[in-house]
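Here is what each chain is made of, one letter per residue.
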Amino acid sequence: MKYVKWIFVVLLICSLTAFVEKDKPTGGLSEGDVAPDFKIESTSDGQSAFKLGNLKGKYVLLSFWASYDAQSRMQNVSLSNALRSSHNVVMVSISFDEYQSIFEETVRKDQIVTPTCFVETEGEDSGLFKKYRGFTNYLLDGNGVIIAKNISAADLSAYVKEIG
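Since the structure is predicted, the reported quantities are computational estimates derived from the model, not experimental observations.

Calculation criteria
Residues numbered from 1 in each chain as written. Predicted model: local features only at pLDDT ≥ 70, side-chain atom pairs only at ≥ 80, totals over all residues. Heavy atoms only, no water. Phe/Tyr/Trp six-rings, centres within 6.5 Å; stacked < 30°, edge-to-face > 60°. Helix = DSSP H or I, 4+ residues; strand = E, 2+ residues; numbered from the N terminus. Buried < 20%, exposed > 50% of the residue type's maximum accessible area, 1.4 Å probe, protein only. Salt bridge = Lys/Arg side-chain N within 4 Å of Asp/Glu carboxyl O. Polar contact = N/O pair within 3.5 Å; in protein donor to acceptor, adjacent residues only side chain to side chain. Contact = heavy atoms within 4.5 Å.

Asker: What is the right way to look at the packing of aromatic side chains in this model?
Answerer: Between two aromatic rings, the relevant description is the distance of the centres plus the angle of the planes. Taken as a whole, this structure holds twelve aromatic pairs when the rule is applied. With 5.8 Å between their ring centres and 20 degrees between their planes, Phe-64 and Phe-96 make a pair best called stacked. Note that Phe-64 is positioned in strand β3 (residues 59–65) and Phe-96 in the loop between β4 (89–95) and α3 (100–110), a separation of 32 residues in sequence. You'll find Phe-64 and Phe-96 in the same group, each marked buried. Each ring, one from Phe-129 and one from Phe-135, has its centre 5.5 Å from the other, and the planes form 70 degrees; the classification is edge-to-face. On the basis of relative accessible area, Phe-135 is assigned to the partly exposed category, the value being 26%. Among the aromatic residues, those joined into a ring-pair cluster are Phe-38, Phe-50, Phe-64, Tyr-68, Phe-96, Phe-118, Phe-129, Tyr-132, Phe-135 and Tyr-138.

Shown next, in the form of structure tokens:
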């Protein structure tokens, strides 16, 4: 009878971890894939809508993050800092925060200076989140082909030196 309680606990834990893992996006885009084009509306005055296809011919770093995801947020800040002096790579920073005010406060606190910083207020329910599979980043070449995925700031700095 004492084993029944332990079996129940183990089954409960297994079912909970299976549920958590099921929610995480898997797979996604890989190096060598062409990044899907998208358009995102600006939420600030004086900034027009952004379309990825308009950056053909340029190296682009797409960084997807949210204020509530500490790892993606730290990665976004370090990538932004790595590109401060670069004119070879355009950084496009997209937050999946559902509230504009939280997004704006996070950008201010983290001192993100990219002029191409947007918020997708549909959050994790947005088509963009599903298309790009969550909080990650992609380095694209001039043809929109993914040449690196989940790149670190150090590796990004090396790429920047290499391309220009």
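Let us keep going from here.
Asker: Any chance you could explain unusual backbone geometry here in plain terms?
Answerer: Most of the time, phi is negative for any residue but glycine, and the peptide bond is trans. Even without being glycine, Arg-133 reaches a positive phi, approximately 65 degrees. With respect to the element layout, Arg-133 can be found in the loop between α4 (127–132) and β6 (137–140). In this structure, Asn-150 takes a positive phi of about 55 degrees despite not being glycine.

Asker: Explanation requested: the pattern of salt bridges in the structure shown.
Answerer: Any two side chains of opposite charge can pair if their charged atoms end up close together. In this structure the tally under the stated criterion is three salt bridges. The residue Lys-51 makes a salt bridge to Asp-37 at a minimum N-O spacing of 2.4 Å. Taken together, the residues span a long stretch of sequence, with Lys-51 in strand β2 (residues 50–51) and Asp-37 in the loop between α1 (2–23) and β1 (39–40) at a distance of 14 residues. Relative accessible area serves as the criterion here: at 34%, Lys-51 is assigned to the partly exposed category. Accessibility expressed as a relative area gives 34% for Asp-37, which makes it partly exposed. A salt bridge links Asp-110 to Arg-73; the shortest N-O distance between them is 2.8 Å. Note that Asp-110 is positioned in helix α3 and Arg-73 in helix α2 (residues 70–82), a separation of 37 residues in sequence. Accessibility expressed as a relative area gives 22% for Arg-73, which makes it partly exposed.

Asker: Help me understand the side chain of Ser-72 in this model?
Answerer: Assignment of secondary structure puts Ser-72 in helix α2. Within polar-contact distance, the side chain of Ser-72 engages the backbone nitrogen of Ala-66 at 3.4 Å. Among all residues touching Ser-72, those that are not within four sequence positions of it are Phe-64, Trp-65, Ala-66 and Phe-135.

Asker: Sorry, what's going on with the environment of Val-89 here?
Answerer: Considering the arrangement of structural elements, one finds Val-89 in strand β4. A C-alpha to C-alpha distance of 4.8 Å links Val-89 and Tyr-59, two positions 30 residues apart in sequence. In contact with Val-89, not counting residues within four places along its chain, are Tyr-59, Val-60, Leu-61, Leu-83, Leu-139, Val-160 and Ile-163.

Bear in mind that shape data such as this cannot, by itself, settle questions of function.
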